[in-house]
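Listed below are the residues making up each chain.
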Amino acid sequence: MKITLIKPNIGRRGHSLYVDESRMEPLQLGILAALTPSDIEVVMYDDRAEVIPYDEKTDLVCITVETFTARRAYEISRQFMDMGVKVLMGGMHAMLLPGEVKEHATSIMIGDAEDKWLEMTEDLRNGCLKEEYVCSEVIVPQKGIITRRDIFKGKNYLPITLLQFSRGCRNSCSFCASGAYFRHHHYCRDVSEVIEEIKSQERKVLFFVDDNIVGNKEKAKELFRALIPLKIKWVSQASLDMLEDKELMDIMVKSGCMGLVVGFESIMSESIEAMKKGINKSYADNHYKEAIRMLKSYGLQIWAAFTLGHDTDTLDSIKETYNFALKNKFSFAAYNILMPYPGTPLYDELSREGRLLYEKKWWLHPDYRFNYASFVPKNMSAIELTEVSFGCRKNYNSMSSIIYRAFDFKTNMRNPYKLLTYMVYNPIFKKEVFRKQGMKFGFKDGQ
């Protein structure tokens with residue numbers, strides 16, 4: 001028996017499928033490969049970088065579907081199904097919109113696959129694949145499972161190993177698809193198994209893809225203590241309330257943390273309150289001054305993430321957000337247009353108010369383009385939001401900005417390794433700003 005795992009692309013530039021030069025390992029597919037019984041052959045194809053061999057014999061095609069990749073995933077599925085090949089779809093979009101995904105697959109898996117993967121493979125052997133597998137809550141993620149990384153070989157991913165310590169986040173941000181998927185719960189792996197997985201691979205630079213690696217501070221401390229002897233360097237995502245625990249921060253830095261993606265979201269307290277990200281409120285009240293001072297005192301390189309287009313935003317406030325990030329010389333910054341993901345409170349609110357564009361399904365609409373506003377903002381037009389957000393990304397990643405921001409001796413110039421990291425990755429992200437902007441979803445017109 002043979003199972004084919006596929007990571008779909010977002011879409012295309014012109015008439016060519018987009019090649020993502022900053023692509024990272026599709027961790028979820030490595031976990032699925034590890035869950036698969038050893039007597040079943042597993043192959044993986046990454047649509048972001050290689051041609052999918054549709055004529056290669058296989059018993060089941062498994063496609064992980066995110067909202068941004070849904071249109072392309074459905075195209076891939078249709079081509080296989082037209083050839084008589086069974087297709088199983090899962091991933092975040094399958095949880096958010098199972099009814100839609102069902103229309104494009106033989107079978108779907110809703111939720112984290114650890115609970116149902118073995119059952120599914122047995123059904124496949126017996127020729128009785130169910131139309132739907134609804135997974136129970138996974139309290140301890142990836143238990144007894146070490147990611148299979150052999151399937152990533154030769155695919156030219158960035159030289160950083162992806163792994164996971166925890167899943168989910170307890171925060172209740174109104175726009176967050178992850179919150180909808182995990183229902184605002186947070187789950188941690190066994191620390192000893194995380195350490196075993198790190199030792200099973202060769203790299204010393206790691207990216208924990210957790211939504212919030214400090215969501216459980218005591219468990220995070222346990223992990224960080226265990227990381228210290230390994231002498232690795234790592235990055236992840238974390239919430240600002242970590243600064244309230246000095247012991248946590250000290251151990252984090254000692255364990256090899258180079259930097260973190262931090263969701264600042266907005267520089268305005270009223271925006272933070274409206275989006276229900278209360279965890280940021282006390283920091284936003286003084287324009288994050290104390291939070292930034294503390295982050296820099298630990299030498300952490302910060303990827304500041306902002307969401308633009310809240311009802312409290314104006315064109316001037318968005319431009320001020322850009323100036324705020326530039327002034328503080330964040331190593332990287334993401335200016336993300338607020339996206340109404342299905343299943344989130346934001347989507348439901350905008351739908352009730354009649355403010356959703358693209359017939360309420362931006363992820364499938366043939367006219368939607370990557371990084372375009374998909375709703376009507378309150379204080380500007382959708383076109384204005386698209387343009388000002390792109391302007392922030394373009395200017396922040398300009399060569400003059402990269403050079404200016406490099407001269408932060410507490411972070412980017414704290415040591416040669418951090419400066420090298422800064423100078424290597426900023427040009428990569430600069431290139432991607434222009435390559436992805438306005439990209440069409442999917443590959444085929446009219447589907």
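Anything mentioned here points back to the structure above.
Being a predicted model, the structure only gives us computed values, none of them experimental.

Cut-offs used in this document
Residues numbered from 1 in each chain as written. Predicted model: local features only at pLDDT ≥ 70, side-chain atom pairs only at ≥ 80, totals over all residues. Heavy atoms only, no water. Pairing = 2+ DSSP bridges. Helix = DSSP H or I, 4+ residues; strand = E, 2+ residues; numbered from the N terminus. Axes fitted to C-alpha atoms, helices over the stretch in contact; angles between N-to-C directions. Contact = heavy atoms within 4.5 Å. Parallel < 35°, antiparallel > 145°, perpendicular 65-115°, else oblique. Left-handed = near helix turned anticlockwise from the far one by under 90°. Nonpolar A, V, L, I, M, F, W, Y, C, P; charged D, E, K, R; others polar. Buried < 20%, exposed > 50% of the residue type's maximum accessible area, 1.4 Å probe, protein only. Salt bridge = Lys/Arg side-chain N within 4 Å of Asp/Glu carboxyl O.

(A) Here's a closer look at the sheet that holds strand S15 (residues 301–308). If you trace the six strands from one edge of the open sheet to the other, you get S9-S12-S13-S14-S15-S16, paired in parallel fashion. Each edge of the sheet is formed by a strand with only one pairing partner; in this case those strands are strand S9 (161–163) and strand S16 (332–337). For this sheet, the mean angle separating the axes of adjacent strands, direction not counted, is 20°. Here strand S13 (residues 233–238) runs beside strand S14 (residues 257–265); their pairing, made up of five bridges, is parallel. The residue bridging Ala238 from the neighbouring strand is Val262, located in S14. Against the sheet, helix H13 (residues 315–327) contacts S15 and S16, and its axis sits at roughly 180° relative to S15.

(B) Expanded view of the packing of helix H8 (residues 217–227) against helix H9 (residues 246–254). Viewed as axis vectors pointing N to C, H8 and H9 meet at an angle of 30°, and their least axial separation amounts to 9 Å. Classed by the angle they form, the pair H8 and H9 counts as roughly parallel. H9 is crossed by H8, and the crossing has left-handed handedness. Within the contact between the two elements, H8 uses Lys217, Ala220, Lys221, Phe224 and Arg225 and H9 uses Glu247, Leu248, Ile251 and Met252. A class-by-class count of the residues in the contact of H8 with H9 yields five nonpolar, no polar and four charged.

(C) Spatial organisation of the sheet that holds strand S7 (residues 107–110). Pairing in this open sheet of six strands is parallel, and the strands run S4-S1-S5-S6-S7-S8 from one edge to the other. Of all strands in the sheet, those bounded by a partner on one side alone are strand S4 (41–46) and strand S8 (132–134). Averaged over all pairs of adjacent strands, the angle between strand axes in this sheet comes to 20°, irrespective of strand direction. When strand S1 (residues 2–7) meets strand S5 (residues 60–64), the two strands line up parallel, connected through four bridges. Pairing of Ile6 across the sheet is with Ile63, part of S5. Contacts from helix H1 (residues 27–35) reach S1, S4 and S5 within the one sheet, and its direction differs from that of S1 by about 165°. Against the sheet, helix H2 (residues 70–82) engages S1, S5 and strand S6 (87–90), with an angle of about 165° to S6.

(D) Inspection of the environment of Ala334 at higher detail. Turning to its location among the elements, Ala334 is positioned in strand S16. C-alpha of Ala334 to C-alpha of Thr386: the two residues are 52 residues apart in sequence and 14 Å apart in space.

(E) Quick look at the environment of Lys319. The residue Lys319 is located in helix H13 in this model. When its relative accessible area of 46% is taken as the criterion, Lys319 is described as partly exposed.

(F) Structural detail: the pattern of salt bridges. This structure, assessed with the given rule, holds 36 salt bridges. A salt bridge links Asp82 to Arg78; its shortest N-O distance comes to 3.2 Å. Taken together, the residues Asp82 and Arg78, both in helix H2 and four residues apart, mark about one turn of the helix. Of the residues examined, Arg78 reaches a relative accessible area of 36% and is grouped as partly exposed. Taking the shortest distance from any N to any O, the salt bridge between Arg149 and Glu197 comes out at 2.6 Å. Of this pair, Arg149 sits in the loop between S8 and S9 while Glu197 sits in helix H7 (residues 191–199), and the two are 48 residues apart along the sequence. By relative accessible area, Glu197 is classed as buried at 1%. Here the salt bridges do not stand alone but share partners, grouping Glu25, Arg149, Arg189, Glu197 and Arg203 into one network.

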